[in-house]
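# Understanding the architecture of this molecule
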Amino acid sequence: MGDPYLAIQVVMMPRDTNPHGTIFGGVILSYLDQAGAIGGRHEIAKAGGPPPFLATVAMNRVEFLQPVLVGDVVKFWTRLIRMGRTSITMQVQVEAERNQEVLQVTTAEVVYVGVDLNTKDRRPTPLLPKATP
């Protein structure tokens, strides 16, 4: 696996709460999806590819380990799991800084596919240029 990459860091606000007073899981999922795509773009650029348009294909095994609270500084760390010809799989670890503690709150594996926006049906496109012999 690749080195961890800090894709997003955000302070959770009262508007993000559910009826129980904790941060709504959908808010975390939205940031998680964005972070995975940002991390994926970072890994593709690092490997020599152009900035792709990535579409989410799957979120595998999302685990909410602990609640996130208003005021937590939440960091979304990404790591490359694998890169195929047109797809990339990223691990996203979510941690919350609360007072002097750092808590692991969520983890997931997200799969993206590179999409060609210039095709009518948005066909998958290679993430990296073809190697020249």
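Keep in mind the model is a prediction, meaning the values are calculated, not measured.

Here we come to the sheet that holds strand S5 (residues 101-114). Pairing is antiparallel across the open sheet formed by 5 strands, whose spatial order is S1-S3-S4-S5-S2. On the outer flanks of this sheet lie strand S1 (5-11) and strand S2 (54-64), each paired with one strand and no other. Between one strand and the next, the sheet's axes are offset by a mean angle of 25°, whatever the strand orientation. Both S2 and S5 contribute to a ladder of 8 bridges, which runs antiparallel. Counterpart to Glu63 in the pairing with S5 is Thr107. Across the sheet, helix H1 (residues 25-46) lies against S1, S2, strand S3 (73-83), strand S4 (87-98) and S5, angled at about 125° from S2, the strand it touches most.

Time to look at the environment of Lys130. On the secondary structure map, Lys130 appears in the segment after S5. Sequence separation of Lys130 and Gly49 is 81 residues, and the distance between their C-alpha atoms is 9.7 Å.

Here H1 spans 31 Å end to end across 22 residues, near enough to the 32 Å set by a 1.5 Å rise per residue. Listed in full, the buried residues belonging to H1 are Val27, Ile28, Tyr31, Leu32, Ala35, Gly36, Ala37, Gly39, Gly40, Glu43 and Ile44. Considering only its buried residues, H1 is in contact with S1, S2, S3, S4 and S5. Positive backbone phi, approximately 100°, marks Gly48, located one or two places after H1.

With 28 residues, the main nonpolar core has Met12, Val74, Phe76 and Ile88 as its most contacted residues. At the level of elements, S1, H1, S3, S4 and S5 are the ones that each hand at least two residues to this core.

Throughout the structure, instances matching the rule amount to 6 salt bridges. Here Asp72 makes a salt bridge to Arg98, at a shortest N to O gap of 2.7 Å. Placement of the pair is Asp72 in the loop between S2 and S3 and Arg98 in strand S4, with a sequence separation of 26 residues. In this structure, Asp72 and Arg98 share a single accessibility class: buried. For Arg123, the salt bridge goes to Asp121, with nearest N and O atoms at 3.9 Å. Using a relative accessible area of 47% as the deciding quantity, one classes Arg123 as partly exposed.

This paragraph deals with the confidence of the model for the chain. Residues of the chain with pLDDT of at least 70 account for 97%, and the chain-wide mean is 94. For the chain, the element scoring lowest by mean pLDDT is S2, at 94; S1 scores highest, at 98.

Looking now at the environment of Thr125. The topology assignment puts Thr125 in the segment after S5. Counting along the chain gives 38 residues from Thr125 to Ser87, while the straight-line C-alpha distance between them is 8.7 Å.

Here is what the cut-offs are and how they apply
- Just so you know, the residues in each chain are numbered from 1, in the order the chain's sequence is written.
- Only residues with pLDDT of at least 70 get local features here, since the model is predicted, and only at 80 or more are side-chain atom pairs given and counted; chain-wide, interface and lining totals rely on the full set of residues.
- Note: side-chain values were computed over all heavy atoms of the structure, leaving out hydrogens and water.
- Paired strands, in this sense, are two strands between which DSSP finds at least two bridges.
- Helix and strand labels come from DSSP, where a helix needs a run of H or I of at least four residues and a strand needs a run of E of at least two; each type is numbered from the N terminus.
- Each axis is a line fitted through C-alpha atoms, and for a helix only the stretch in contact is used; angles between axes span 0 to 180 degrees, taken between their N-to-C directions.
- Contacts: residue pairs with any heavy atoms within 4.5 Å of one another.
- To estimate the expected span of a helix, subtract one from its residue number and multiply by 1.5 Å.
- Exposure categories follow from relative accessible area, calculated using a 1.4 Å probe and restricted to protein chains: below 20% of the type maximum is buried, above 50% is exposed, and the middle band is partly exposed.
- Residues belong to a common nonpolar core when they are buried Ala, Val, Leu, Ile, Met, Phe, Trp, Tyr or Cys residues joined through side-chain atoms within 4.5 Å.
- Salt bridges are identified by distance alone: a Lys or Arg side-chain nitrogen within 4 Å of an Asp or Glu carboxyl oxygen.
- For every residue, the pLDDT score states the predictor's confidence, bounded by 0 at the bottom and 100 at the top.

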